[in-house]
Amino acid sequence: MEKEIGKICAEGLAFFGITNRLISHELKNILAIISETLGLIDELIKSSQTGLDLKPGQLSSLSESVIEEIERANSIIRNMNTFAHSVDEFMGEVDISRILSLMIGICRLNSASKNTKLRLVDNGPCVIYTSPLFLQKLLYQVINFSLPFVSPQHEIKVSFDSDDHGARIIFSGISCNNIKELNEKEAWLAKMLSAKVFLDATAGELSIALPKRIGESPLQSLISEWQ
Amino acid sequence: MKILLVDDEEKFVSRLAQRLILRGLEADWATTWDEALSKTEKGKYDIAVLDVKMPFMSGIDLKKKLEKISPDMKFIFVTGHGSEEDYNVGSKEAAFYIMKPFKIETLVEKIKQALEV
C-alpha cells in the first residue's frame, strides 16, 4: 500500500511537470510571434521615415495579429489555471465535458506535432465523482497513446455518454492495426480510478469507462490516510 | 548571405524573414519540412535557422536531410522548449541553439558568427 501511495504521489508530480512544460512551450511560441510582429511594426515605421512606403492596411493587420496572439495566450493561461485548481480537492465532482476540453487544449502541441486534430463532441454536462488530477493524467496518457495511430483523416473525435452507472469517453478515428495492447501506465491509472480502458480495433476506437463514483482504490486510501 | 528559416508558426517565421530582409539580408521561409527540402533543392542557402520541434519531423532530423542536399549549409536551432536534454542535443548538432523569444540582433549576430562573416 505504501508503495502504491508513493507511486501515486510521484505520478501526480510528474504530470504537473509535464503539463507545465507543455504550457510554457506554447506560451514561448506566442511570445516569439508577438516579439517578431511588434519588431516588424517598429521597423516598418522607421523605414517609412527613410522613404519606404508605409501600408496602413499592413500595420493594421499586424496589430490585429498581436491581439489574436494575446487572446491565444490568455486561453492557454486559463487552461493552466483550471489545471492548477484540479488539485484543490483530491476527490470531487468532475464535469467530463470540461475536463476533456481542458486536456484537449493542453495536448494541442502534441497533437499539432502529429498534424492531428482533436475534436470534442460536446454532449453537455456529465458529472462523476473521481480524482480530477488522475482523470486528467489518464486522459493525457490515452490521447498521447492514440496520436501515433491516427487514421489517414488526421482527426481523433472525442465524445462521451453516460448512464446511471457512470460515463464512457470514446476516442474514435484510430487506426488500430498496429496497436496490440495498451501500456502498463494506462492500465494502472485506470485501476486507480476504478475505470476500464477498452481498445476496439475493428471500430477504430479506444474508450474509457468510468464509474459514477470512484470505488475502492489506493487513491481513496490516500484520502483516508489524511482524514 | 542567403538564409532559410523553417518554423511551423507561419506568423513567426514570415515576420522574422521580413525583418531580416529590411536589414539587407536575403531570407526565405518555410513552414513544413517538405517545403524546406524543396526550397533547398531549388536554391542554395548558406545557413538554415530551424525550429527544433515541428510536426512530423524534428529540426534535428530535418537538418540531416538538408545536409545531404547542401553539405556546406550551416545550421542554427531555435526553440520554445527549454529542457536541458534538448539543449545538449541541439548544441552538438548546430552552430548555435537559441531560445524563443529572442532579439533579432542576437540571431543576426549568431548567423554572422556561424558563417564567420
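Everything quoted here is computed from the prediction, not taken from an experiment.

All names here are of chain B. Strand order across the open sheet formed by 5 strands is β2-β1-β3-β4-β5, with parallel pairing between neighbours. Each edge of the open sheet carries a strand with a single partner, namely β2 (26–30) and β5 (96–99). Between one strand axis and the next, the sheet turns by 20 degrees as a mean value, whatever way the strands run. As paired strands, strand β3 (residues 47–51) and strand β4 (residues 74–79) are joined by 5 bridges and run parallel to one another. Across the sheet, the residue bridging to Asp51 is Val78, located in β4. Lying over the sheet, helix α3 (residues 59–69) contacts β1 (2–6), β3 and β4, oriented at roughly 155 degrees with respect to β3. Packed onto the sheet, helix α5 (residues 104–114) meets β1, β3, β4 and β5 and runs at close to 175 degrees relative to β5.

For the rest of this paragraph, the subject is the environment of Phe145 of chain A. Residue placement: Phe145 of chain A occurs in helix α5 (residues 132–146). Those residues within four positions of Phe145 of chain A in sequence are excluded, and the remaining contacts are Leu182, Asn183 and Glu186 of chain A.

Residue and element names in this part refer to chain A. Two numbers describe how α5 lies on helix α6 (residues 184–192): the axes approach to 10 Å, and their chain directions differ by 155 degrees. Classified by the interaxial angle, the pair formed by α5 and α6 is roughly antiparallel. As for how α5 packs across α6, the hand of that crossing is left-handed. Along the contact surface, α5 presents Phe134, Lys137, Leu138, Gln141, Val142 and Phe145, while α6 presents Lys185, Glu186, Leu189, Ala190 and Met192. Across the contact of α5 with α6, the residue classes tally to 7 nonpolar, 1 polar and 3 charged.

Facing 16 residues of chain B, the contacting portion of chain A comprises 18 residues. If you tally residues by element for the side of chain B that touches chain A, the top one is helix α1 (residues 10–22) of chain B, at 7 residues.

Let us now look at unusual backbone geometry. Cis peptide bonds are those with omega within 30 degrees of zero, and the linkage from Lys100 of chain B to Pro101 of chain B qualifies with -10 degrees. Tracing the backbone through its elements, the reader meets Pro101 of chain B in the loop between β5 and α5. Its identity is not glycine, yet Asn115 of chain A carries a phi of approximately 55 degrees, on the positive side. With respect to the helices, strands and loops of the structure, Asn115 of chain A is situated in the loop between α4 (108–113) and β2 (117–120). Here the phi dihedral of His154 of chain A falls at roughly 55 degrees; this positive angle occurs in a residue that is not glycine. With respect to the helices, strands and loops of the structure, His154 of chain A is situated in the loop between α5 and β4 (155–162). Residue class for His154 of chain A comes out exposed when judged on the 12 C-beta atoms lying within 10 Å of it.

A word on the domain arrangement of chain A. Residue and element names in this part refer to chain A. Considered domain by domain, chain A is made up of domain 1 (2–85) and domain 2 (88–219). If you average the C-alpha positions of domain 1 and of domain 2, the two centres end up 27 Å apart. Across the contact, 14 residues belong to domain 1 and 11 residues belong to domain 2. Elements that contribute at least two residues to the side of domain 1 that touches domain 2 include exactly α1 (2–48) and α2 (56–84). Class assignment of the residues belonging to the side of domain 1 that touches domain 2 gives a composition of 5 nonpolar, 6 polar and 3 charged.

To continue, consider helix α2 (residues 33–42) of chain B. Residues and elements named next belong to chain B. When we look at burial in α2, the residues that qualify are Trp33, Ala36 and Thr40. Take α2 and look down its axis: the buried residues cluster within an arc of 60 degrees, on one side only. Among the exposed residues of α2, those pointing more than 90 degrees away from its buried face are Asp34, Glu35, Glu41 and Lys42. For α2, the secondary structure elements touched by its buried residues are β1, β2 and α3.

Below, the discussion takes up the sheet that holds β4 of chain A. Residue and element names in this part refer to chain A. Spatially, 5 strands are ordered β2-β4-β5-β7-β6 in an open sheet, and the strand pairing comes out mixed. The outermost strands of the open sheet, each flanked by one partner alone, are β2 and β6 (196–200). The average undirected angle you get between the axes of adjacent strands in this sheet is 20 degrees. Judged from the 4 bridges that link them, β2 and β4 form a sheet pairing that is parallel. Residue Arg119 lies in a different strand from β4, and its bridge partner there is Lys157. Strand contacts of α5: β2, β4, β5 (166–172), β6 and β7 (205–211), with the helix running at about 170 degrees to β7, the strand carrying the most contacts.

Residues and elements named next belong to chain A. Between helix α3 (residues 96–106) and α5, the shortest axis-to-axis distance is 10 Å and the interhelical angle comes to 50 degrees. As the angle between them shows, α3 and α5 are arranged oblique. As α3 runs across α5, the sense of the crossing is right-handed. Contact residues: Ile99, Leu100 and Met103 in α3; Pro132, Leu135, Gln136, Leu139, Tyr140 and Ile143 in α5.

Moving on to the nonpolar core. Grouped together as the largest cluster of nonpolar side chains are 42 residues, with contacts concentrated most on Ile96, Leu138 and Leu193 of chain A. Counting residues per element, this core draws most heavily on α5 of chain A, at 7 residues. Dropping the residues within four chain positions of it, Ile96 of chain A is found in contact with Cys126, Ile128, Phe160, Ala167 and Ile169 of chain A. Residues Val13, Leu16, Ala36 and Leu62 of chain B belong to the second largest nonpolar core, which totals 35 residues.

Basis of the calculations
- Residues numbered from 1 in each chain as written.
- Chains lettered and ligands numbered in written order.
- Predicted model: local features only at pLDDT ≥ 70, side-chain atom pairs only at ≥ 80, totals over all residues.
- Pairing = 2+ DSSP bridges.
- Helix = DSSP H or I, 4+ residues; strand = E, 2+ residues; numbered from the N terminus.
- Axes fitted to C-alpha atoms, helices over the stretch in contact; angles between N-to-C directions.
- Contact = placed C-beta atoms within 7 Å.
- Parallel < 35°, antiparallel > 145°, perpendicular 65-115°, else oblique.
- Left-handed = near helix turned anticlockwise from the far one by under 90°.
- Nonpolar A, V, L, I, M, F, W, Y, C, P; charged D, E, K, R; others polar.
- Buried ≥ 20, exposed ≤ 12 C-beta atoms within 10 Å, placed from the backbone.
- Domains from an automatic or database assignment.
- Arc of directions from axis to C-beta.
- Core = buried A, V, L, I, M, F, W, Y, C linked by C-beta atoms within 7 Å.

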